[in-house]
Structure formats: structure tokens, C-alpha cells
Amino acid sequence: MEKAATERAEDYLEVIYDLISKKGYARIVEIAERLNVRPPTVTEMIKKLSEKGLLVHEKYRGFTLTEEGERIAKAVQRRHETIANFLMILGVDKEIAEQDACKMEHDLHPMTLERFTKFVEFVQNAPQDPEWLEHFEHYVKTGEHKCKVSDLLSSLK
Ligand code: MN
């Protein structure tokens, strides 16, 4: 598949996987809503995905993902979460972070993703909120460093 088509397929798998894990099933109309496309477009993609062996359409059970389809969906979901968390740590609003995560999740170099993951882990596993993160928030709001070295030195005099 060409790059744009692969990205599109990943978006569908991600949404279908999310709907199935939350509700137990995925309907064409809901997929269309989530991806902001028309139902016939979804039907077309469903056909392609099942031809590629990523999805099975069963008459009464609706769609299920094949093992490979689920593997891809989970990988996309993990990338999405990492990127969204990273952006939220930087102070991006949740809604925007989610939107941008969906744009970025297909196309980052593995090293960038790996560093995002480490960074998110690093912050989340900090015993207390890391102080430097507060400094960063302060800097974003005021454009100033909270604690200048020069102030610190003069207070020692
Ligand atoms: Mn996404």
C-alpha cells in the first residue's frame, strides 16, 4: 500500500479496535462519525481491509479484527497514547493533543517515538511532580525563568 493508504488503513483499524474494545462491536455509522467520512467510504475501506486479511466481516457478529489487524491497531493506539501524553505534559489541551496525536502517530521515526515514550515514563514515574516541569509551566505563562541563577547568587551575598 502507498503511504497515505497505509495511514488511512491504520486510522480505521485504530477506530474499529477502540469501538470493539469499548462496546463489543463496531458499526459502519459509528466508524464514519469517528473518522468524519461518509458511510459508503467506510464500506469501501472495510472491503479493502478484509481483502488484506486484517478484518473479518461476519454476517451477524459485525466486524472482528484478525490477529494481524489487532496487532496493527494496538501498535497505533500505543503510539497515539504516547504522543498525546507527551503533548499534554507540554501543556497542550487534551482535545488538541488527541487530534495531533492522530496526525503524528503514523509518521514518526522509531527513535523519536522511543524518546517520547521514555520522556513520558520519566515524568509519570517521578516520585513527586518534577520541579523543572513547574518551571517550564511558569516559563510558558510568563516568559521568565522562575529561579534565575543571578538571583540565587545575589541572595547568597
Ligand atoms: Mn489516533
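Up top is the structure.
Everything in this summary refers to the structure shown in the same document. (Residues numbered from 1 in each chain as written. Predicted model: local features only at pLDDT ≥ 70, side-chain atom pairs only at ≥ 80, totals over all residues. Heavy atoms only, no water.)

**A few points about a nonpolar patch on the surface**
A cluster of nonpolar side chains, namely Leu90, Phe136, Tyr139 and Val140, defines an oily patch on the protein surface of about 350 Å² accessible area. What makes Phe136 partly exposed here is its relative accessible area of 32%. (Patch = residues over 30% accessible without salt bridge, like charges linked within 9 Å, V, L, I, M, F, W, Y side chains within 5 Å. Areas by Shrake-Rupley, 256 points an atom, 1.4 Å probe, with all protein chains shown as cover. Salt bridge = Lys/Arg side-chain N within 4 Å of Asp/Glu carboxyl O. Buried < 20%, exposed > 50% of the residue type's maximum accessible area, 1.4 Å probe, protein only.)

**Focus on the side chain of His106**
By the element assignment, His106 lies in the loop between helix H5 (94-104) and helix H6 (110-124). Judged by its relative accessible area of 15%, His106 is buried. Engagement of the side chain of His106 in a polar contact is seen with the backbone oxygen of Cys102, the distance being 3.3 Å. Within polar-contact distance, the side chain of His106 engages the side chain of Glu105 at 3.4 Å. Ignoring any residue separated from it by four or fewer positions in sequence, one finds His106 in contact with Glu7, Glu10, Asp11 and Arg79. (Helix = DSSP H or I, 4+ residues; strand = E, 2+ residues; numbered from the N terminus. Polar contact = N/O pair within 3.5 Å; in protein donor to acceptor, adjacent residues only side chain to side chain. Contact = heavy atoms within 4.5 Å.)

**Notes on the packing of aromatic side chains**
Counted by the stated rule, this structure contains 4 aromatic pairs. Each ring, one from Phe86 and one from Phe119, has its centre 5.5 Å from the other, and the planes form 70°; the classification is edge-to-face. Separated by 33 residues along the polypeptide, Phe86 in helix H4 (residues 67-89) and Phe119 in helix H6 bring together distant segments of the chain. For Phe86, a relative accessible area of 15% corresponds to the buried category. Residue classification places Phe119 among the partly exposed positions, given a relative accessible area of 25%. Here Phe122 and Trp132 contribute two aromatic rings whose centre-to-centre distance is 6.1 Å and whose plane-to-plane angle is 15°, an arrangement assigned as stacked. With Phe122 in helix H6 and Trp132 in helix H7 (residues 131-142), the pair connects residues that are 10 residues apart, well separated along the chain. Classification of Trp132 by relative accessible area gives partly exposed; the value is 37%. (Phe/Tyr/Trp six-rings, centres within 6.5 Å; stacked < 30°, edge-to-face > 60°.)

**Looking at the packing of helix H1 (residues 3-23) against helix H3 (residues 39-51)**
The N-to-C vectors of H1 and H3 enclose an angle of 100°; their axes lie 11 Å apart at closest approach. Accordingly, the angle class assigned to the pair H1 and H3 is roughly perpendicular. Contacts between H1 and H3 involve Ala5, Arg8, Ala9, Tyr12, Leu13 and Ile16 from the former and Thr41, Val42, Met45, Ile46 and Leu49 from the latter. Residue classes in the contact of H1 with H3 are distributed as 9 nonpolar, 1 polar and 1 charged. (Axes fitted to C-alpha atoms, helices over the stretch in contact; angles between N-to-C directions. Parallel < 35°, antiparallel > 145°, perpendicular 65-115°, else oblique. Nonpolar A, V, L, I, M, F, W, Y, C, P; charged D, E, K, R; others polar.)

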